[in-house]
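Structure at a glance
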Amino acid sequence: MPPKTDKKFHFDQAFTELEQITEWFEKEDIDLEEGLTKFERGLEIARKLKERLGEVENRVETIKQKFADVVEDDSVEETV
Amino acid sequence: MHIFQVSEFILYFNDAVRSFMNEQQMAIEGEVAEYKVSQQRFVWFKIKDADGVLDCFAMLFSLKQPIEDGMKVRVYGYPKIFHRSGKLSINIARVELVGEGALKRAFELMKKKLSDEGLFSTERKRPIPRIPERIALITSPEAAAYTDFLRILNNRWSGVEIHLAPVAVQGRDAVANIVGAFRYINKHATQYDVVVLTRGGGSMEDLAAFNDEAVARAIFSSAVPVVVGVGHERDETIADYVADVRASTPTNAAERVVPDRRDVRFAVTSRVQIMEHVLTRAMERRAARLHQSLGRLSEHVGGVVRRVRSGIESFQRSGIRFGIAVQEKNTAVSVMANHMTLGMGHHLGRRQERFVALQRLLASLDPKAVLRRGYAMVRDTGGRVVKDPDTVDVGAQITIQLAGGSLGARVISSSGQTSLPL
């Protein structure tokens, strides 16, 4: 399983970035060039978020492990 | 017939009895009395019923639950005669609480103990991410709590991964399973955003694992924030107090751990709209400033046109001496100038064109162009243009400049007229 700290898209981080960009826009007088750049980034994030929102399923996997004694080699297998 | 020495007898007795009276074979049930702990390690108490009493001995670490006088318990162990005193004691391997009252009391004691240690402290409770990517779920997959949790989760959100750690949520193995699951999750802590520990409702005996000290400590030392949702609203377990987030039920746990996709979709859309709105206003302001600038530019060009026109007028005046009619040219310039001013706001690109036209017009008023129409310019020996006959003497040398070249000439006579018939 890829750890969540790699480059995989993390919804929470992306959403937080979108909130930060919107906060910047709520200033009274914005610089037009910077605004256009930030807007582009904001749209890109929004597009990715909407894409993730379009996903239909959650995935359930069972950890195959006897929990009475946790040993070094553990494995995760998929269930239906 | 065997003659024993005293200590020999005690050893024999203890061995013999232990072979069929031990913690695997039996337990003794009764009420606790005269409970005391010595040197923080040795526990002594009596166990009794209406007609009898027995001494009990245990090591403190083997007692998994707090014991108090008056509690009804089951002790598992073996009887032995202590060499020094000759007294019989039950040597205890483990103790179980019996009955709602005992369990409740133990719960109160454990709650106080852990609270005093700071396990319930609000300061250490960690926030859970608003939108998790991967959830570790500790529960029994056979229980209704599991299906309830998943159903609500699926209703609200998609695209999340759930890793199920299947455990017993009650019974003998429950505590070991749950503690083991937390140990596993801690080893892979970077993979998980949140842990959910959940089960359905039940009696105090059913919920015993969730009031267990080892489970409480496992939740407390979890590297990943923990959401605990047990049974019904009114059920309160120690696990609930230690949790980073307490959910009232398995369903509520699902509500706490993922957002509703409709809310998130709305939040994304409204943020984009805010950005669009602000950006549009900024662009309108910029356009207004540009419009102002164009207005000033238009004025500036108008100024240029006026200067050109006055230049033409003074040219006109000198042109009269040459007998040139420039009237119609001025009108053309006026028309062009009007076009320019009117069209400025919309046809900036054609400004260039207009200026070129004006240049051509000016060029046509150039003296050289006049010469090409057959007129001549007269200069004296100093090269100065002769406008007045009085400025040259009769017999003086003059140069007549024509379009195609010049003539050298001498003044024969002078008539003194300053204007030619038009």
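Residues numbered from 1 in each chain as written. Chains lettered and ligands numbered in written order. Predicted model: local features only at pLDDT ≥ 70, side-chain atom pairs only at ≥ 80, totals over all residues. Heavy atoms only, no water.

Considerations on the overall build of chain A
Put simply, the test is: What counts as a helix is a DSSP run of H or I of at least four residues, what counts as a strand is a run of E of at least two, and both are numbered from the N terminus. Buried means the residue's accessible area, taken with a 1.4 Å probe over protein chains only, is under 20% of the maximum for its type, while exposed means over 50%, and partly exposed covers the values in between. Any pair of residues with heavy atoms lying within 4.5 Å of one another is described as a contacting pair. To measure how exposed things are, a 1.4 Å probe is used in the Shrake-Rupley method; for residues, cover is taken only from the protein chains shown.
A count of helices and strands for chain A gives two helices and two strands. Looking at chain A residue by residue over its 80 residues, the buried ones come to 35%. Taking the intrachain contacts of chain A between residues at least 6 apart in sequence as the baseline, contacts between residues at least 24 apart amount to 39%. Approximately 5300 Å² of chain A is accessible, and the part contributed by carbon and sulfur atoms is 49%.

Quick notes on the environment of Phe25(A)
Note that Phe25(A) resides in helix 1 (residues 11-25). With 14 residues separating them in the primary sequence, Phe25(A) and Phe39(A) have C-alpha atoms 8.9 Å apart. Sequence-distant contacts of Phe25(A), defined by excluding residues within four places in its chain, comprise Ile30(A), Gly35(A), Lys38(A), Phe39(A), Met275(B), Val278(B) and Leu279(B).

Remarks on the environment of Val278(B)
With respect to the helices and strands, Val278(B) occurs in helix 8 (residues 261-322). Classification of Val278(B) as buried rests on a relative accessible area of 8%. Contact partners of Val278(B), with chain neighbours within four places excluded, come to Phe25(A) and Ile30(A).

Let's talk about the sheet that holds strand 4 (residues 72-81) of chain B
Residues and elements named next belong to chain B. This is how it is decided: Between any two strands, at least two bridges found by DSSP are needed for them to pair. Convention adopted: a line fitted to C-alpha atoms gives each axis, helices being fitted over their contacting stretch, and angles between N-to-C directions are expressed from 0 to 180 degrees.
Here we have five strands rolled up into a closed barrel, ordered 1-2-3-5-4, and mixed in their pairing. Put simply, the sheet's adjacent strands are angled 45 degrees from each other on average, direction ignored. In this sheet, strand 5 (residues 88-97) lies alongside strand 4 in antiparallel orientation, the contact comprising nine bridges. Residue Val73 lies in a different strand from strand 5, and its bridge partner there is Leu97.

Side note on the sheet that holds strand 12 (residues 397-401) of chain B
Residues and elements named next belong to chain B. Spatial ordering of the open sheet is given by 11-12-13, a layout of three strands whose pairing is antiparallel. The open sheet has two edge strands, strand 11 (377-379) and strand 13 (406-410), and neither has a second partner. Averaged over all pairs of adjacent strands, the angle between strand axes in this sheet comes to 30 degrees, irrespective of strand direction. Pairing between strand 12 and strand 13: five bridges, direction antiparallel. Counted as the bridge partner of Gln401 is Ser406 from strand 13.

A short note on the packing of helix 4 (residues 174-187) of chain B against helix 5 (residues 213-220) of chain B
Residue and element names in this part refer to chain B. Selection criterion: Under this scheme an angle from 65 to 115 degrees is roughly perpendicular, one under 35 degrees roughly parallel, and one over 145 degrees roughly antiparallel; angles in between are oblique. Crossing handedness is read from the near helix: turned anticlockwise from the far helix by less than a right angle, it gives a left-handed crossing, and turned clockwise, a right-handed one. Polar here means any residue other than Ala, Val, Leu, Ile, Met, Phe, Trp, Tyr, Cys and Pro, which are nonpolar, and Asp, Glu, Lys and Arg, which are charged; Gly is therefore polar.
Between helix 4 and helix 5, whose axes approach to 9 Å, the crossing angle comes to 15 degrees. By the criterion of interaxial angle, the relationship of helix 4 to helix 5 is roughly parallel. For the pair helix 4 and helix 5, the sense of crossing is left-handed. Judged by residue contacts, Val175, Ile178, Val179 and Phe182 of helix 4 engage Ala214, Val215, Ala218 and Ile219 from helix 5. Split by residue class, the contact of helix 4 with helix 5 holds eight nonpolar, no polar and no charged.

Notes on the pattern of salt bridges
Residue and element names in this part refer to chain B. Rules: The term salt bridge refers to a side-chain nitrogen of Lys or Arg lying within 4 Å of a carboxyl oxygen of Asp or Glu.
Counted by the stated rule, this structure contains 28 salt bridges over all chains. In this structure, the salt-bridge partner of Asp260 is Arg262, at a minimum N-O distance of 2.8 Å. Here Arg262 falls in the exposed class, since its relative accessible area comes to 60%. What you see here is one network of salt bridges that share partners, running through Glu29, Lys72, Arg74, Arg94 and Glu96.

Looking at the pairing of strand 3 (residues 53-59) of chain B
Residue and element names in this part refer to chain B. Where strand 2 (residues 42-48) lies against strand 3, seven bridges are found, and the strand directions are antiparallel. The residue bridging Phe42 from the neighbouring strand is Met59, located in strand 3. Here strand 2 folds back onto strand 3 in antiparallel fashion, the turn holding four residues. Where strand 3 lies against strand 5, three bridges are found, and the strand directions are parallel. Bridge assignment links Phe57 to a residue of strand 5, and that residue is Asn91.

Digging into helix 1 of chain A
Heads up, the condition is: To estimate the expected span of a helix, count its residues, drop one, and scale the result by 1.5 Å.
When the terminal C-alpha atoms of helix 1 of chain A are compared, their 21 Å separation across 15 residues agrees well with the 21 Å that a helix rising 1.5 Å per residue should span. Of all the residues in helix 1 of chain A, the buried ones are Phe11(A), Asp12(A), Ala14(A), Phe15(A), Leu18(A), Ile21(A), Thr22(A), Trp24(A) and Phe25(A).

Considering the side chain of Glu61(A)
All names here are of chain A. Using the following cut-off: We call two N or O atoms a polar contact when they sit within 3.5 Å, provided that within protein one can donate a hydrogen and the other can accept it, with sequence-adjacent residues counted only if both atoms are side-chain atoms.
Looking at where Glu61 falls in the secondary structure, it is placed in strand 1 (residues 59-64). With relative accessibility at 2%, the residue Glu61 sits in the buried group. Engagement of the side chain of Glu61 in a polar contact is seen with the side chain of Arg59, the distance being 2.4 Å.

Quick word on the nonpolar core
What counts is decided by this rule: We call a set of buried residues a nonpolar core when its members are Ala, Val, Leu, Ile, Met, Phe, Trp, Tyr or Cys and they connect through side-chain atoms within 4.5 Å of each other.
Ranked by size, the top nonpolar core spans 58 residues in total, and within it Val73(B), Ile138(B), Phe182(B) and Ile219(B) carry the most contacts. Here this core takes seven residues from helix 4 of chain B, the largest share from any one element. Residues within four places of Ile138(B) in sequence aside, it is in contact with Ala165(B), Val167(B), Ala181(B), Phe182(B), Ile185(B), Val195(B), Val196(B), Leu197(B) and Thr198(B). With 45 residues, the next largest nonpolar core counts Phe11(A), Leu18(A), Val257(B) and Ala267(B) among its residues.

Points about unusual backbone geometry
Residue and element names in this part refer to chain B. The residue Glu34 is not glycine, and still its phi comes out positive at about 50 degrees. Position of Glu34 relative to the elements: it lies in strand 1 (residues 28-38). We note that Gln40 has phi near 60 degrees; this positive angle belongs to a residue other than glycine. Here Gln40 is to be found in the loop between strand 1 and strand 2.

What about the packing of aromatic side chains?
Residue and element names in this part refer to chain B. Quick reminder of the rule: Within 6.5 Å between ring centres, the rings of Phe, Tyr and Trp (the latter by its six-membered ring) count as paired, and their orientation is classed by plane angle as stacked under 30 degrees, edge-to-face over 60, tilted in between.
As enumerated under the stated definition, the model contains 11 aromatic pairs over all chains in all. Where Phe42 meets Phe57, the ring centres are 6.3 Å apart and the plane angle is 25 degrees; that geometry is what we call stacked. Here the residue Phe42 occupies a position in strand 2, and Phe57 occupies one in strand 3, the gap between them amounting to 15 residues. Phe57 shares its class with Phe42; the two are buried. Consider the rings of Trp44 and Phe57, whose centres lie 4.6 Å apart with planes at 50 degrees: the pair is tilted. In this pair, Trp44 sits in strand 2 while Phe57 sits in strand 3, placing the two residues 13 residues apart along the sequence. Note on Trp44: relative accessible area 32%, which makes it partly exposed.

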